[in-house]
Amino acid sequence: MSMSLLSRNIARKLLFLQLLAVIAIGLLFCLKDPAWGASAFGGGLAAWLPNAVFMNFAWRHQVHTPSKGRLAWTFAIGEVLKVIASFTILVVALAGFKAVLLPLIVTWVSVLVVQILAPAVINNKG
């Protein structure tokens, strides 16, 4: 199996685990109050959606073989856009939809923790 196909499978598993975390935490907060559940889904969306868009962007540019410097700049610009998109979704959820802060932040941080810890679990073969 080629390395690019392997990394694509790992990225898909990571996105799937993040989506499962959003759904699970959102459903748990729905048990308390539907507004809390909606806020939790908003926080999860603020973390998951920019990651999904960034990974899709990376897959599309993986076919091309740019020079090393261009690849680093593309990655850096993608990360900056991901942070801006996440911040924008959080602001819209808080200001526009009057989301509850606690479930929004808890779900957002939980999905980010899954993003950090899941690759170690996925890559662990033992």
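Residues numbered from 1 in each chain as written. Predicted model: local features only at pLDDT ≥ 70, side-chain atom pairs only at ≥ 80, totals over all residues. Heavy atoms only, no water.

On to the packing of aromatic side chains, then. What characterises a pair of aromatic rings is the spacing of the ring centres plus the angle enclosed by the ring planes. With the rule as written, the count across this model stands at 1 aromatic pair. On the basis of an interplanar angle of 40 degrees and a centroid distance of 5.9 Å, the ring pair of phenylalanine 29 and tryptophan 36 is categorised as tilted. The ring of tryptophan 36 has lysine 32 lying over it, and the distance from NZ or CZ to the ring centre is 4.8 Å. Cation over ring: lysine 82 sits above phenylalanine 54, and NZ or CZ is 5.1 Å from the ring centre. (Phe/Tyr/Trp six-rings, centres within 6.5 Å; stacked < 30°, edge-to-face > 60°. Lys NZ or Arg CZ within 6 Å of the ring centre and 35° of its normal.)

Counted by the stated rule, this structure contains 1 salt bridge. A salt bridge links lysine 82 to glutamate 79, with the nearest nitrogen and oxygen atoms 3.5 Å apart. Residue lysine 82 and its partner glutamate 79 are located together in helix α3 (residues 68-96), separated by 3 residues, close to a single helical turn. The class for lysine 82 is buried, based on a relative accessible area of 13%. (Salt bridge = Lys/Arg side-chain N within 4 Å of Asp/Glu carboxyl O. Helix = DSSP H or I, 4+ residues; strand = E, 2+ residues; numbered from the N terminus. Buried < 20%, exposed > 50% of the residue type's maximum accessible area, 1.4 Å probe, protein only.)

With numbering matched to this structure, UniProt assigns "transmembrane region" (unreviewed entry) to residues 40-59, 71-94 and 100-122. The distance separating the terminal C-alpha atoms of residues 40-59 is 28 Å; by composition the span is 100% helix and 0% strand. Across residues 100-122, the secondary structure splits into 96% helix and 0% strand, with the terminal C-alpha atoms separated by 33 Å. (UniProt positions renumbered as here; feature names shortened; annotations may be inferred.)

A few words on unusual backbone geometry. Positive phi values are uncommon outside glycine, yet lysine 98 reaches one of about 55 degrees. Along the chain, the position of lysine 98 falls in the loop between α3 and α4 (101-123). Exposure remark for lysine 98: the relative accessible area of 65% places this residue in the exposed category.

What follows deals with a nonpolar patch on the surface. Among the surface-exposed residues, Leu94, Leu101, Ile105, Val109, Val113, Ile116 and Leu117 lie close enough to one another that they form a single nonpolar patch of about 590 Å² accessible area. No other element matches the 6 residues that α4 contributes to the nonpolar patch. In this structure, leucine 117 sits in helix α4. (Patch = residues over 30% accessible without salt bridge, like charges linked within 9 Å, V, L, I, M, F, W, Y side chains within 5 Å. Areas by Shrake-Rupley, 256 points an atom, 1.4 Å probe, with all protein chains shown as cover.)

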